[in-house]
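Coordinate analysis (summary)
Take a look at the letters that make up each chain.
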Amino acid sequence: MTDPRIDTAATDPVALWSSAQVTALGVETWPAYGGLAWRALLATDPRKAAAIFEAAEQWRRHRAEADELDCLLADDPEEWFRRVTADADAEARRIAPALAKRPTAAEVRARVGHHAPRTITATPGWPPVAIPGRPGWHRHLIDGRQVDLPTHHRQEHAA
């Protein structure tokens, strides 16, 4: 029985050979190569070898794809771009209908309307309030007046 984790294309003799080796080992499941469970297996355990075959085949296919993309980048940059963005394009097509139903940021702002910014006001008995846009400056309440000073320490009375 061929392992479903190893892609065995009829035109790929290396993949077929690797799949045949795993089949000959007579195992159906094995831990991931290099993991704790794999390291715990005895060297003679056929599951250890099956994981090695699987990892080797995955690496071989990964390198083949990377080499093919490198050649495409040099020979046909447009095809290279199409291939490397294919997953993103498919995801964009998948989510486009849902995104089209959502309001844009401008539409949301228009619905909410414009609100004037709140006035920063120091309050009796509370510490001075930091002033947005003016780092280090704080609004104080001194003798009933709102006063901006470059300190956060309370100023109870005008100096």
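None of the values given here were measured: they were computed from a predicted structure.

**Some details on unusual backbone geometry**
Non-glycine residue Asp 143 carries a positive phi angle of around 50 degrees. Note that Asp 143 resides in the loop between β2 (138–142) and β3 (145–149). Taking relative accessible area as the criterion, Asp 143 reaches 47% and is therefore assigned partly exposed.

**Quick look at the packing of helix α1 (residues 13–25) against helix α3 (residues 46–75)**
Axis separation between α1 and α3 bottoms out at 9 Å; the angle between their running directions is 165 degrees. Between α1 and α3, the angle falls in the class roughly antiparallel. As α1 runs across α3, the sense of the crossing is left-handed. Taking contact as the criterion, the partners of Val 14, Ala 15, Trp 17, Ser 18, Gln 21, Val 22 and Leu 25 in α1 are, on α3, Pro 46, Ala 49, Ala 50, Phe 53, Glu 57 and Arg 60. Classifying every residue of the contact of α1 with α3 gives nine nonpolar, two polar and two charged.

**Side note on the pattern of salt bridges**
Side chains bearing opposite charge may pair, as long as their charged atoms lie close to each other. Counted by the stated rule, this structure contains ten salt bridges. A salt bridge links Arg 47 to Asp 45; the nearest nitrogen and oxygen atoms lie 2.6 Å apart. Across the pair Glu 68 and Arg 83 runs a salt bridge, and its minimum N-O distance is 2.6 Å. Of this pair, Glu 68 sits in helix α3 while Arg 83 sits in helix α4 (residues 77–84), placing them 15 residues apart in sequence. Residue classification places Glu 68 among the partly exposed positions, given a relative accessible area of 40%. Beyond isolated ion pairs, a larger network of salt bridges with shared partners links Glu 68, Glu 79, Arg 82 and Arg 83.

**So, the pairing of β2**
Most of β2 sits out of view: four of its five residues are buried. Sheet topology places β2 next to β3; five bridges connect them, and they run antiparallel. Paired with Arg 139 across the bridge in β3 is Asp 148. From the end of β2 to the start of β3, which pair antiparallel, there are two residues, and Asp 143 there has a positive phi angle of about 50 degrees.

**What to know about the sheet that holds β3**
A sheet is described by the order of its strands in space; here three strands give the open sequence β1-β2-β3, paired in antiparallel fashion. Each of the sheet's edge strands pairs with one partner strand only, and the pair in question is β1 (129–130) and β3. In the sheet, β1 pairs with β2 via two bridges, with the strands oriented antiparallel. Each bridged residue has a counterpart across the sheet, and for Ala 130 the counterpart in β2 is His 138.

Rules used in this analysis
Residues numbered from 1 in each chain as written. Predicted model: local features only at pLDDT ≥ 70, side-chain atom pairs only at ≥ 80, totals over all residues. Heavy atoms only, no water. Helix = DSSP H or I, 4+ residues; strand = E, 2+ residues; numbered from the N terminus. Buried < 20%, exposed > 50% of the residue type's maximum accessible area, 1.4 Å probe, protein only. Axes fitted to C-alpha atoms, helices over the stretch in contact; angles between N-to-C directions. Parallel < 35°, antiparallel > 145°, perpendicular 65-115°, else oblique. Left-handed = near helix turned anticlockwise from the far one by under 90°. Contact = heavy atoms within 4.5 Å. Nonpolar A, V, L, I, M, F, W, Y, C, P; charged D, E, K, R; others polar. Salt bridge = Lys/Arg side-chain N within 4 Å of Asp/Glu carboxyl O. Pairing = 2+ DSSP bridges.

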